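Take a look at the letters that make up each chain.
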Amino acid sequence: MQVTTNLNDPFSYSILPIIFFILLILLTITILIYIKRPKNKKLTLVTPLPKDINNIKNKYLIIINNLISKINNNQITNRKAYQELSTTIRNFIYEMTGLSVQYCTLEEISHLNMPYLYELVNEYYDPEFARISNNNIINSINKTKGVIEQWK
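Residue numbers run consecutively from 1 along every chain, following the written order of its sequence. Totals for whole chains, interfaces and linings use every residue, but because this is a predicted model, local features are given only for residues with pLDDT of at least 70 and side-chain atom pairs only at 80 or more, for both listing and counting. Side-chain numbers come from the whole structure's heavy atoms, not from hydrogens or water.

Peer 1: Can you tell me about the side chain of Ser86, naming the residues and giving the values?
Peer 2: Counting from the N terminus, the helices are DSSP H or I runs at least four residues long and the strands are E runs at least two residues long. The residue Ser86 is located in helix H3 (residues 78–97) in this model. On the accessibility criterion, Ser86 (3% relative accessible area) is buried. In this view, Ser86 contacts Tyr124 and Glu128; residues no more than four positions away in its chain are not counted. Summary of the burial criterion: residues with accessible area below 20% of their type's maximum are buried, those above 50% are exposed, and those between are partly exposed, where the area comes from a 1.4 Å probe applied to protein chains only. Between two residues, a contact is recorded if the distance between any of their heavy atoms is within 4.5 Å.

Peer 1: Please give an account of the packing of H3 against helix H5 (residues 115–129) that cites residues and values.
Peer 2: Inter-axis angles, ranging from 0 to 180 degrees, are taken between N-to-C directions of lines fitted to C-alpha atoms, where helices are fitted over the stretch in contact. Where H3 contacts H5, the axes come no closer than 8 Å and their chain directions differ by 155°. Classified by the angle their axes make, H3 and H5 are roughly antiparallel. Seen from above, H3 lies across H5 with left-handed handedness. From H3, Arg79, Tyr82, Gln83, Leu85, Ser86, Ile89, Arg90 and Ile93 reach across to H5, where they touch Tyr116, Leu117, Leu120, Val121, Glu123, Tyr124, Tyr125, Pro127, Glu128 and Phe129. Under this grouping Gly is polar, as are all residues other than the nonpolar Ala, Val, Leu, Ile, Met, Phe, Trp, Tyr, Cys and Pro and the charged Asp, Glu, Lys and Arg. Here the residues of the contact of H3 with H5 sort into 12 nonpolar, two polar and four charged. With respect to orientation, any angle under 35 degrees is reported as roughly parallel, any angle over 145 as roughly antiparallel, any angle of 65 to 115 as roughly perpendicular, and every other angle as oblique. In this scheme the crossing of two helices becomes right-handed for a clockwise turn of the near helix relative to the far one and left-handed for an anticlockwise turn of less than a right angle.

Peer 1: Quick rundown of a nonpolar patch on the surface? Include the residues and the values.
Peer 2: To count toward a patch, a residue needs a relative accessible area over 30% and no salt bridge; like charges are then connected within 9 Å, while nonpolar side chains (Val, Leu, Ile, Met, Phe, Trp, Tyr) are connected within 5 Å. Note on areas: these come from Shrake-Rupley sampling with a 1.4 Å probe, and a residue is covered only by the protein chains present in the view. When a carboxyl oxygen of Asp or Glu is within 4 Å of a side-chain nitrogen of Lys or Arg, the pair counts as a salt bridge. Side chains of Ile15, Leu16, Ile18, Ile19, Ile22, Leu23 and Leu26 sit close together on the surface and give an oily, nonpolar patch of about 680 Å² of accessible area. In this fold, Leu26 is placed in helix H1 (residues 16–36). We classify Leu26 as partly exposed; its relative accessible area is 47%.

Peer 1: Tell me what's going on with the nonpolar core, and back it up with residues and numbers.
Peer 2: Counting residues in hydrophobic clusters, the biggest one holds 31 residues, and the most contacted among them are Ile89, Phe92, Ile93 and Leu117. Those elements giving two or more residues to this core turn out to be helix H2 (50–72), H3, helix H4 (106–110), H5 and helix H6 (137–150). Aside from chain neighbours lying at most four places away, what touches Ile89 is Leu117, Leu120, Tyr124, Thr144, Val147 and Ile148. To qualify as a nonpolar core, a set must consist of buried Ala, Val, Leu, Ile, Met, Phe, Trp, Tyr and Cys residues joined through side-chain atoms within 4.5 Å.

Peer 1: With reference to specific residues and values, describe the pattern of salt bridges.
Peer 2: Evaluation of the coordinates by the stated rule reveals three salt bridges. Note that Lys143 is salt-bridged to Glu123, the shortest N-O span being 3.0 Å. Highlighted residues: Lys143 in helix H6 and Glu123 in helix H5, separated in sequence by 20 residues.

And the structure:
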């Protein structure tokens, strides 16, 4: 007895389910990429409570006075002092406004409509990154203290 089997050609089956599953996988990947992508955060101002303003000011004035102490005792280089001064004013602005300026570039700071912050950070840039600088750290500290003390 002879048995014969008729096999269908591979393309005789419907290709629509395969296309459907490929599209489903692509759609899933696209959705995952969209969900995981970093979102542009807009900086918004947050004003602290009035009683906290004086505490925050005092906190940063103490930090600056400690920096002056280090400079007077030759415990810190001018370059490192400017770096600490930059960190101090950026953290002060963050605590006072909620604006996350700690890692902003000078260009990004220029768009924040805070000319005093821009001027200070601009003044710090050269001595912060240069090996040798002619800037006077005490003048920069006094300007920074003035901004902190006059903050409203």
